[in-house]
Amino acid sequence: MSLIGDLERLPSDVKARLLKCIRDTSGGERIVLNLALSYSSRWEIARAARCIAQEVQKGRLSVDDITETTVDEFMTTVNMPNPDLLIRTGGEIRLSNFLLWQLSYAEFYFTEEYWPDFTGESLYRAIVEYQARERRFGKTSEQL
C-alpha cells in the first residue's frame, strides 16, 4: 500500500494507523493499493515546486537543470507508473483536480454508471474501448 496526499492534514491517530498498514503490508508483491487521501493535484504540484526551490536554494540543483523529469522526481507519485486509462464514473466529465500532471497522456473513459454500480462487465467495456484507441503520447498519427 502507498499513500499520496497531504498526510499532515490527517488526524494523528488516522495517520498512525495508515502508516502501520503500510508497514504491515510492505512485503506484498502481487498487488499494490495506492490511496489518495487529503490529495489534490494543485497541492502536489505546489509541493513539488517548493521542494525543487529548496534544492536550488541549497545549491544542490541549478535552475537550468529543472526539466519535466526533475518535476516528476519531486511528485508524490514518483514511484508509481503514470495511468494509461482514467475511468470517470457518475456522468462527470471532468478531472476534479486529480493527477493532473500524471494524466497528460492517459486515455479517458466516461460513463454514466455510478461507482457502486460499476461491474466487471463495465470494466470490460472500458478496456475494449481503450484498446481500440491509437495511443500517440503527444504525437500525430503521421509521426508514429
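Residues numbered from 1 in each chain as written. Predicted model: local features only at pLDDT ≥ 70, side-chain atom pairs only at ≥ 80, totals over all residues. Heavy atoms only, no water.

1. Comments concerning the packing of aromatic side chains
A complete count under the given rule lists 5 aromatic pairs for this structure. Here Tyr 39 and Phe 98 contribute two aromatic rings whose centre-to-centre distance is 6.0 Å and whose plane-to-plane angle is 80°, an arrangement assigned as edge-to-face. Within this pair, whereas Tyr 39 is found in the loop between strand E2 (34-36) and helix H2 (41-57), its partner Phe 98 is found in the loop between strand E3 (85-88) and strand E4 (107-110), the two being separated by 59 residues in sequence. An aromatic cluster is built from Tyr 39, Trp 43 and Phe 98, whose rings are joined through pairwise contacts. (Phe/Tyr/Trp six-rings, centres within 6.5 Å; stacked < 30°, edge-to-face > 60°. Helix = DSSP H or I, 4+ residues; strand = E, 2+ residues; numbered from the N terminus.)

2. Concerning helix H4 (residues 120-131)
Helix length check: H4 (12 residues) gives 16 Å between terminal C-alpha atoms against 16 Å at 1.5 Å per residue, within 8%. Along H4, the positions that sit buried rather than exposed are Ser 122, Ala 126 and Tyr 130. Buried residues of H4, viewed axially, fall in a sector of 75°; they line one side. Residues of H4 that are exposed and point over 90 degrees away from its buried face: Gly 120, Tyr 124 and Gln 131. Each element contacted by the buried residues of H4 is listed here: E3 and E4. For H4, the N-terminal cap is Thr 119; the gap from its side-chain oxygen to the backbone nitrogen of Glu 121 is 3.3 Å. (Expected span 1.5 Å × (residues − 1). Buried < 20%, exposed > 50% of the residue type's maximum accessible area, 1.4 Å probe, protein only. Arc of directions from axis to C-beta. Contact = heavy atoms within 4.5 Å. Polar contact = N/O pair within 3.5 Å; in protein donor to acceptor, adjacent residues only side chain to side chain.)

3. Thoughts on the side chain of Thr 70
The topology assignment puts Thr 70 in helix H3 (residues 68-74). With relative accessibility at 6%, the residue Thr 70 sits in the buried group. With residues up to four places along the chain from it excluded, the contact list for Thr 70 reads Ile 52, Leu 61 and Asp 65.

4. Here we look at the layout of surface pockets
There is about 560 Å³ of room inside the largest pocket. Taken together, 14 residues form the lining of the largest pocket, with Leu 86, Ile 87, Arg 88, Phe 98 and Trp 115 sitting closest to its centre. Here the element with the most residues in the lining of the largest pocket is E3; it accounts for 4 residues. When the residues that make up the lining of the largest pocket are grouped by side-chain class, the tally is 11 nonpolar, 2 polar and 1 charged. In this structure, the second largest pocket encloses a volume near 440 Å³. Along the walls of the second largest pocket sit 15 residues, with Asn 34, Leu 35, Met 80, Phe 98 and Leu 99 positioned nearest its centre. (1 Å grid on protein atoms, 1.4 Å probe; cavity = no way out; pocket = protein on both sides within 12 Å on 5 of 7 lines; lining within 4 Å. Points joined across faces, edges and corners; volume = space filled by probe spheres on them. Nonpolar A, V, L, I, M, F, W, Y, C, P; charged D, E, K, R; others polar.)

By themselves these figures say nothing about function.
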